[in-house]
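Single-letter residue listing:
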Amino acid sequence: DEKDRPSDALGRFERMPKYDTEHVSVWKNTLTGEMTVAVRGTKMNASDLLSDIKLLFGETKTDSKELDQVLDQIEFDYPKQQYNIAGHSLGTAIIATQQPEHGDHWNNAYMYNSASSPGQNDKYETDLANDNSYEWFINHGDMVSNNLLHFMNEDTLQNHVQFGDYA
């Protein structure tokens, strides 16, 4: 919950509460000045679970007016500064939907255990899996991201994926 989020993390990231929403928080690296937009994954609530079900059955546009508005505001407030974006699970699907409009403003895009489903179109999965603007972090034991892993080519696997230990 927003009210439970810390004001700093790891001794070098300061939360920018102006941008806090239910799914999004923005952090500024106090050493480098870089900003990172963090998009959370699924919580056990009706809205998130409905989004997950839609993904399972093939949805590829997990639109988020919430994230779009945060990104619009950051780009207005910091017009010449790129920022990082990171998401986990459902958050990765939300990020992918915003990439066409906001991707030019991203310095790095970090996707952790990406949302993916056999119900999604193979072309969509192939294009997403091999989009070199994303850095993937995948745990082999995560069945949700295993479908996307299936569509990754050799270049992506060698240069854009970090694998976690099986769990």
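Details of the structure are given in the entry above.
About the cut-offs
- Residues numbered from 1 in each chain as written.
- Predicted model: local features only at pLDDT ≥ 70, side-chain atom pairs only at ≥ 80, totals over all residues.
- Heavy atoms only, no water.
- Helix = DSSP H or I, 4+ residues; strand = E, 2+ residues; numbered from the N terminus.
- Rg over C-alpha atoms; globule rule 2.2 N^0.38 Å.
- Buried < 20%, exposed > 50% of the residue type's maximum accessible area, 1.4 Å probe, protein only.
- Contact = heavy atoms within 4.5 Å.
- Axes fitted to C-alpha atoms, helices over the stretch in contact; angles between N-to-C directions.
- Parallel < 35°, antiparallel > 145°, perpendicular 65-115°, else oblique.
- Left-handed = near helix turned anticlockwise from the far one by under 90°.
- Salt bridge = Lys/Arg side-chain N within 4 Å of Asp/Glu carboxyl O.

A.B. asks: Explanation requested: the overall build of the protein chain in the structure shown.
C.D. replies: Check the secondary structure of the protein chain and you find 6 helices and 8 strands. When its helices and strands are written in sequence order, the protein chain yields β-β-β-β-α-α-β-α-β-α-β-α-α-β. Relative to the 2.2 N^0.38 estimate, which gives 15 Å for 167 residues, the radius of gyration of the protein chain is 16 Å and therefore close to what a compact globule would have. Its C-alpha atoms give the protein chain principal-axis dimensions of about 40 × 35 × 35 Å. Among the 167 residues that make up the protein chain, the fraction classed as buried is 44%. For the protein chain, contacts bridging at least 24 residues in sequence account for 57% of all contacts bridging at least 6.

A.B. asks: Which parts of the structure should I look at to understand the packing of helix 2 (residues 65–77) against helix 3 (residues 90–102)?
C.D. replies: Each packed pair of helices is defined by two parameters, the angle between the axes and the distance between the axes. Helix 3 packs onto helix 2 with a crossing angle of 40 degrees between their chain directions and a minimal axis gap of 10 Å. In terms of axis orientation, helix 2 runs oblique to helix 3. Handedness of the helix 2/helix 3 crossing: right-handed. Seen from helix 2, the contacting residues are Leu67, Asp68, Leu71, Asp72 and Glu75; seen from helix 3, they are Ile94, Ile95, Gln98, Glu101 and His102.

A.B. asks: Quick question: what am I supposed to make of unusual backbone geometry here?
C.D. replies: With a phi angle near 55 degrees, Ser89 is a residue other than glycine that sits in the positive phi range. With respect to the element layout, Ser89 can be found in the loop between strand 5 (83–88) and helix 3. Judged by relative accessible area, which is 15%, Ser89 ranks as buried. Backbone geometry at Asn113 places phi at a positive 45 degrees, although glycine is not the residue there. Locating Asn113 in the fold gives a position in the loop between strand 6 (106–112) and helix 4 (122–129). Judged by relative accessible area, Asn113 falls into the buried class, the value being 17%.

A.B. asks: When you look at the environment of Asp1 in this model, what are you seeing that I'm missing?
C.D. replies: In this structure, Asp1 sits in the segment before strand 1 (8–9). Separated by 21 residues in the primary sequence, Asp1 and Glu22 place their C-alpha atoms 7.0 Å from one another.

A.B. asks: What is the right way to read the pattern of salt bridges from this model?
C.D. replies: Oppositely charged side chains may form a pair once their charged atoms are brought near each other. This model, assessed by the stated rule, comprises 5 salt bridges. A salt bridge links Asp77 to Lys18; the nearest nitrogen and oxygen atoms lie 2.8 Å apart. Placement of the pair is Asp77 in helix 2 and Lys18 in the loop between strand 2 (13–15) and strand 3 (24–29), with a sequence separation of 59 residues. On the accessibility criterion, Lys18 (58% relative accessible area) is exposed. Close ionic contact of Glu22 with Arg40 constitutes a salt bridge, the shortest N to O distance being 3.3 Å. One end of the pair, Glu22, is in the loop between strand 2 and strand 3; the other, Arg40, is in the loop between strand 4 (35–39) and helix 1 (46–56), and 18 residues separate them in sequence. For Arg40, a relative accessible area of 16% gives the class buried.

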